[in-house]
Structures are given as C-alpha cells and as structure tokens.
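# Chains, contacts and geometry: an overview
Single-letter residue listing:
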Amino acid sequence: MDSTRWIKIKELFMTAFDLPEHERAAFLATCDADLRPEVERLLRADIDAGEFINEPAAVDLGLAQEQTVDPYLGQQIDSYKIIKEIGHGGMGTVYLANHADESFDKRVALKLIKRGMDTNAVLKRFVMERRILAQLQHRFIANLLDGGSTSDGLPYFVMEHVEGLPITKFCDSHELSIDERLELFRKVCSAISYAHQNLVVHRDIKPSNIIVTEDGTPKLLDFGIAKLLHPDWSLDTNEATATMFRVLTPEYASPEQMRGAPITTTSDVYSLGVVLYELLCGERPFKLEGRMPEEAAQIIRTEDPAKPSSVVSGRLRGAVAGNTGENPQPKTQNENRSTTFRNPQSAIRNLKGDLDNIILKTLAKEPERRYQSVQELSEDIRRHLAGLPVTATADSFGYRTAKFVKRHRTGVIAGGIVLLILLAATAVTSWQAAVVRRERDRADQRFNQVRKLAHTVLFDYHDGIAELAGSTPIREKMIKDAIEYLDNLANETGGDAELQRELASAYQKVGDVQGNPFTANLGNPGGALESYRKGVAILEALPVSEANMPQSLAALGQGYEKVGDILWARGESADSQANYRKALSIYEDLKTNGELFDSSSLNRVYNRIGQTQEQVGDLVRALQSYQLSLEESQTLAAAEPENIKYRRAVAIAFAKIGDVSYQTHDYKVAATNFQNAFSILRDLSDKEPTNTTLRRTLGLIDARLALTEMKAGNYAEAVEFNRQTIEIQRQIVGADPNNLQIQFDLAATLGNLGECYGLMRLFALGNKSFQEAMEISRHSLSKDPTYSQGREHFANNYLMYAQMLQKSGDAARALENFRNAQEMFELEPLKSKSSDQLAEIYEGIGDTLLALNKNGKNFTDARKMYQLSLDTLTNLQQNGKLNSENIGKLIEVPQKIAKCQPHR
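Residues numbered from 1 in each chain as written. Predicted model: local features only at pLDDT ≥ 70, side-chain atom pairs only at ≥ 80, totals over all residues. Heavy atoms only, no water.

## Some details on the environment of Ile644
Summarising the element assignment, Ile644 is placed in helix α25 (residues 644–663). Classification of Ile644 as partly exposed rests on a relative accessible area of 22%. Taking the C-alpha atoms as reference points, Ile644 and Leu684, separated by 40 residues in sequence, lie 6.9 Å from one another. Apart from the residues lying within four places of it in its own chain, the contact partners of Ile644 are Leu684, Glu688 and Leu694. (Helix = DSSP H or I, 4+ residues; strand = E, 2+ residues; numbered from the N terminus. Buried < 20%, exposed > 50% of the residue type's maximum accessible area, 1.4 Å probe, protein only. Contact = heavy atoms within 4.5 Å.)

Given below as structure tokens:
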C-alpha cells in the first residue's frame, strides 16, 4: 500500500476511534469514498475483538502506539496539575486541572491535543481555537485563562471550569416554563451574536456545548471547529474539501453544512433553532438515530420538521391514551420531556402560533429564508414574550398593512380615525368591565385587546404611513390618541414595565411629529422636547432590574438622542452633545454585550455629534465624527447591501463630509462626496418613488451639488441643480403643507438659486427667488422661531440678497439687507460658527455706506464697519481659521479704511 495513502487512513481511523459511537457515522460520511472502506474495516476489527484484547485494533495493525493509561493523569503541565479527563473529541482531550500555585487554588479546564493527532493542520486548528477564545470576552462564553505548550511541544490552553448541566437537562431538571426557557435561550443568543460581531461562526452549537450553572448562567463552550469570517484570519481556505475539519454533529448541523457548502452566520441560526426546538418540544426536529449517514443528510436537506406545538400535543395525547389503556405506545428517551413543564396544556397553547413560526423560520432549508442574524431571532423572541407582533409570522398583519396603505392611502387615514374611535369605545368598556367582579376575566381579556390595538395603531399603522406625503397631521392624531389609551392603561397597571416602555416609545414618536428637525414635523419643538423628556422620565423611573434590560437601555438611548436633536435645532450645542454622548455610551455598551437591537444607532449618533461640533465651528472634530459615521454605516451596508436604511446612512455621511470640505473651501473634495451621496440616493429613490424621506434627502444633495458647481463658475449647471431640487421640494410641500421641515428646505434652495442668478447678472430672476425665500422663511420661523438651522438659512439669504443688490447698483436696499444679516449673524451660535461671513457683512455695510455717501457724513460709520471686518479677520488668522479665500482681505480692508477720509 502506498505510504501516503496509509498515513491518511491512519489519521482518519484515529479520529473516528476517539469519537463517540453515535457520532462516527456522520464523520465517516465526510471521508474520502476511496479511503472510507479501509477505515470502516479497522473500526469493525476493533469492535469484533471485544473484551479479548486490551488495546484498540489499531495497535495490532500498527496504527497506534500501545497505551492503556493516559500519561497526563496526575502530571503537572507548567503550573497546572492534571486531575482527570472530563471530555474528549477527535482532536483533543479536556482535563480537569488544579492551578498548582500556592497563592490560590482554582479548578480549571485544560485542553490538550492528543498525541498522534499533532499534524500541522490540527495544530493550526488548535491554535486558531485558542486565538478565537482570546478575542471573545463575554459573560456567557467560557473565558480563556492561559495557554502554552507542554515539555514535548504540544500546545494547550486553559479555560474557566464550568460546573453545570447541558441546557436541555438544566431546563428539565428545574421544570422551567416556556417563558423561562426562552429567557435563558436569549442569553445564549447574546453570546452567539457577540461571536458573530467578532467575525466568528461557532458551527457546533448543541446542548452539550451550552452548560448552565446552578444559578442559571449559560456558558458557551467548544470553538474547536469555529470559523473566522475575516479573510486575513481564516485558515480554512479549502474548507469545503478539507475532510479533517468537517467534524460536525449531524443532528444540529444545517443543510449547507451537510452539503459542504460555504458557512455563514445563518448556519448558527439553524443550529440554535434545533436547540430551541429540543428545549421546547423534548425532541429534535428529525430522528436520525440509527440512520445511515447518507439517509440522515438527505432528511436534513429535504424534509420539513413538524410544528413544535403539534409534537408536544401529540405526545401529551399519547400519554393520556397510555394512562387509560388505549393505544399504548412505546416510549423513547425523550418521550416524557413534556411532563417537565409545570403546565403541559399551557405549554402547548404557548407554542402555537408565534413560537411555531419563530422556530420553523430558524429551520428553513434556504439560509436566506431564516433570520439573517441571531440578534433578529432574539428580538423576535423578546417581542413574543412581551406580547408584541413578531416578524416570523407568515404574511403578517404589519406586512399586509404596509402593502394596503400603499394602495389605499386616503382610505387608511380615514380608517385609522374610525379605528381610534373604536379603540376609545373598547377602552371605556374595559374600564367598566373591570368594576364588575363577575366579569373580571372578560375585563382582563379586553384590557389586553385594547393594549394590542393601541400598539397596532402606534407601531403598524403609524409606521406604515410615516413615509407618505401628507400624512403628518393624521400621524400626530393617531399617536396622541394612542398615548391617551396607553396612559389610561399605565395608570391601571402601574408596574407593567413592558407597557411603560411602549408608552415611552409613543412619546418619542409624537415628539418626532411635533418638531424633530430630522423628520417631517409640525413646527412645535417645545412640545417635542416635552414629549421626549416624558419618555426619558418613564424609562429612568423603571426598577433597576427592568432599567438594565437591553430593550430598556436601547429605548433610553433613543430618548437622550431625541432630546439632543431638539437642543441642536435650538443652537444649544453643548447640552445637545451631552445628550448625544449619553446615548453613545449606552449604544457602545449594548454593542459590546451583543445586545444592540438597532444597528444604525452608532452611525446615527456619530453623525449627530458631528453636527453639534460643526455648529460651533469645530470642523476638525466634526470631520472625525462624520468619518466614524461613514465607517459604521459602510460596514452595515456591506453586510446587508439591499437595506435602504443602511445605504441612506452611507449617503448622509458622504454629504456631511462634503459639507465640512465645502466650509473649508475644498470644493473639489466636497463635490466628490456630494456626488457619492447623490448616486446612492438616486438609486434608492428610483426604487421607492413614494418615500418622501428619500426624495427630500435627494433634493438636499442636489442643492449641495449646485453650490459646488457655482463655486466652480458653472452657473448654468448650478441653476439646473437648484431647479431640480425646488421641483422635488414643491411637490412634497404640495402634498404635505403642514410639514415645516420641507418649508425650511425650500427657502434655503430658493436663496441658493437667487445667488446663482445674481452671479449671472439676471437680477430680476434673482430678486424673485430671494423674495419668495424670505417670505417662506418668515412664515416658517413664526411657527418655530427656535430652529437654529432655519435662522442660519434666513441669515444667509439676507447676506446673498444684499450682495446681489449691491452688484445691481441698488445700494439702499443692499444696506437694508446687510443690516438684517448683521443682526442675525451677531447672535450665537452663528457668531462663533460663521465669523468669516460676519466679516463679509461688515465690509459690505462699509461699501454700501460709501456708495450712499452724498455729503461726507458716512465716512465715519463706514470706517467703523471696515475696522470690525478687519478685527474679525485678524482674530480668525490668530486662531488658524482664516481660509485661503479671505487672506487677501487682510490687505484690501485696511486700504478701504485708509480711503475713509472726508473730502476737503
């Protein structure tokens, strides 16, 4: 026999021999078909020998060294003394060991490669496992404590020793309810999600690798066949064909694992689904014991599992029949698992519906039909536990609602009002029924119905019409009515933490409609701030145990973020940034623990912090924040290329970086970033033409491109970009005249168009654009005088209008508009942010005063204005903020001062 072939057979036999018998068949199924018969022959020889030989058959055949006693038992490896073997697999053995240092006594688990298995490939895999564990620090993952090599060169690593039971046995021995099992399972999900965020796929998730300690803490073990997704870290470049590393547990393996297809995080989702199925049903989705490997693989790839509720229900019926002597059935090892529930009938009711759908979604044959992340799975379980709709429900109500709203917008708005009236009637009935003792059960049922209906209005109907033009007033009505019902319910229940979270979320939504500057709003920022602070107060008042739950922390982070939005819009930059940083701290902690529900939180709050820094003229730090936002959003978009929210976030980050470049007069870089943003948004808007948020954002980028074209001297192109923007904005205004956000946008764009006309000396057209812009700004600011960015656009329009009038020879009207601009720019935060423009205003006033000087009276006033301009420019130069375009002014302005002498 060829020596190379013999070495391969020897390696395969040793691996199979060390596996438990029920796992050998699956391993053999992965072996080379040409080598497998020889390996199977050696295994049969070992079995046939029975008790008549003391060594494995491999010894007689020259495949292994004679060894009946583990040489490491009782030995010391570095500072660890081996006590006993506590587990072994194909590549290594795990020992219970004691730290030999007298300074402390600690039991640990020490994993060591088996002698004979120390091939280069196995050594690399072992080192990789050690490296994976070193980077994973999570409360539900067994920690790596130490590592090294034995005196004869075998690598080892030391982990915390976890004493407990596999998760299935723990749940059964403690007779945990369905909800208690789900809460425990979500902790496991957080560990797997954390591993995925660190680019690690476990690939061998099963109950024996999830040990639960006596206090109910789960610990994830055994990353021996885990895969690193980062291309620079992976050793498995030919993993699909590498027989040695296709060691898996068939009962928990995904269909793609059985096919040898590429493995992603959705494979772990499938394995978690099998574990969840077993936790709640008492058996696995497929009975593979005694099956041939090919048959087992075929079942996993093609057969659909039974609904969990039908499995438990069938077993319960069988147990009842057995007790009455009817249709007795043979028992299996898992057959009585349902009796470990405190209330089996309640367990069946609990499983029906959402839980059936959640579990079956995890077990979908096609990876794309499963949950796309473990976090999504955990969130759906949380929603089920909270009594909320879940995404796994096929053709869900929310999905049908969104589709229906798109087809019948007017009807849905009217129907929403009718539904709210019905809600009110139902709420009154619920209250009356609660008074009557004999109808207590009925009252409880109606209470839950009202809560569910209010939740539906708030989260399904409202979100379904949020992007539709003209929906702002009805959104406010729907949310306010929903809050009234939730308030009444909260007063009745008091301690219901989930209801309090719903109420806080409702206050956030009504605040968005009232006056959030980043959404379509009604121009009531004071009311918005009050609503947001109510939501924050509710969340801060939760008991500590509830307040520290991930969903509570995430909601509190959103509350701080939205308070920051209003303060930013008011120009209160420092307080705004303080709230944003509170939100950032919460989001970062949640991400570290693998519990960040809204993946966009971090990139969004980086962007918000950048805006507060830009507002006070700190462009260096603003650029850093925007770049962090871009990196975060690009990572999300790369993972989910079809996710519109993530791609829009990338576009916004490009636009913000372009804004900073524009303000530092690097117009070429600004144009590149604006064009990147425009390309993304145009594609998204084409796909969703009714989405007003996308269309509005596209218009804003159009306006930015117009500015860069204008700075490049391409006035005709700038005019065209501005006209495109104005057309989009007028359409949105026409459909939703109460939306104050778009009114401010339109005023700013009309001012930009007026400036272009002025540069082209089309003064009549410029005058028309500026007049309309001024009128819209006055009207909008009368509704919301606190909006800082709206005031800034208004002030800029005064300045640009004055400069155009000056150029046209209308010095008197130019002076009037320069004075209006001066009044606004001398107020904070504009004064700090836009000192260069203030210098322009002072110089412009001086110029117009001289132009109007008929009898020499204006020389003194003009000189004062020129001096203010020079002082402002000098201060900018001393602080390193004077841009290249204004350096020449340090010479020009003193020359103008010198000319301000009365004629004699």
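## Some details on the sheet that holds strand β7 (residues 165–166)
Read across the open sheet, the three strands follow the order β7-β9-β10; overall the sheet is antiparallel. Either end of the sheet is taken by a strand with one partner, and the two such strands are β7 and β10 (218–220). Inspection of the sheet shows strand β9 (residues 210–212) paired to β10 by three bridges, in the antiparallel sense. The partner of Ile210 across the bridge, within β10, is Leu220. (Pairing = 2+ DSSP bridges.)

## Thoughts on the packing of helix α7 (residues 178–197) against helix α9 (residues 265–281)
Running from N to C, α7 and α9 cross one another at 165°; their axes reach a closest spacing of 11 Å. As far as their axial angle goes, α9 and α7 are roughly antiparallel. Between α7 and α9 lies a crossing whose hand is right-handed. Touching Ile178, Arg181, Leu182, Phe185, Val188, Cys189, Ile192 and His196 of α7 are Thr265, Asp268, Leu272, Val275, Leu276, Leu279 and Leu280, all from α9. (Axes fitted to C-alpha atoms, helices over the stretch in contact; angles between N-to-C directions. Parallel < 35°, antiparallel > 145°, perpendicular 65-115°, else oblique. Left-handed = near helix turned anticlockwise from the far one by under 90°.)

## Brief notes about helix α28 (residues 715–735)
Taking 1.5 Å as the rise per residue, α28 with 21 residues should run 30 Å; its terminal C-alpha atoms sit 30 Å apart, in good agreement. All buried positions along α28 are accounted for by Ala718, Val719, Phe721, Asn722, Thr725, Ile726, Ile728, Gln729, Ile732 and Val733. Buried residues along α28 sit in contact with α27 (692–711) and α29 (740–759). (Expected span 1.5 Å × (residues − 1).)

## Quick notes on the packing of aromatic side chains
Tallying each qualifying case throughout the model produces six aromatic pairs. Plain terms: the ring middles of Phe518 and Trp568 are 5.3 Å apart, the flat faces sit at 20° to each other, and that makes the pair stacked. Of this pair, Phe518 sits in the loop between α18 (497–515) and α19 (525–540) while Trp568 sits in helix α21 (residues 550–569), and the two are 50 residues apart along the sequence. Given a relative accessible area of 22%, Phe518 falls into the partly exposed group. Judged by centre distance (4.7 Å) and plane angle (25°), the ring pair of Phe794 and Tyr798 falls under stacked. Here Phe794 pairs with Tyr798, and both are found in helix α31 (residues 788–808), just four residues apart, close to one helical turn. According to the relative accessible area criterion, Phe794 is buried, its value standing at 6%. When the ring centre of Phe518 is taken as reference, the NZ or CZ atom of Arg608 above it lies at 3.7 Å. (Phe/Tyr/Trp six-rings, centres within 6.5 Å; stacked < 30°, edge-to-face > 60°. Lys NZ or Arg CZ within 6 Å of the ring centre and 35° of its normal.)

## What to know about the sheet that holds strand β4 (residues 107–113)
Reading across the sheet, the six strands line up as β1-β2-β3-β4-β6-β5 and stay open at both edges, with antiparallel pairing between neighbours. Each edge of the open sheet is held by one strand with a lone partner, namely β1 (76–77) and β5 (144–149). Sheet topology note: the β4/strand β6 (residues 155–160) ladder contains five bridges and is antiparallel. Along β6, the bridge assignment pairs Leu110 with Val158.

## Observations regarding the side chain of Thr848
Relative to the assigned elements, Thr848 resides in helix α34 (residues 835–851). What Thr848 contacts, discounting residues up to four positions off in sequence, is Gln806, Ala811, Ala814, Leu815 and Phe818.

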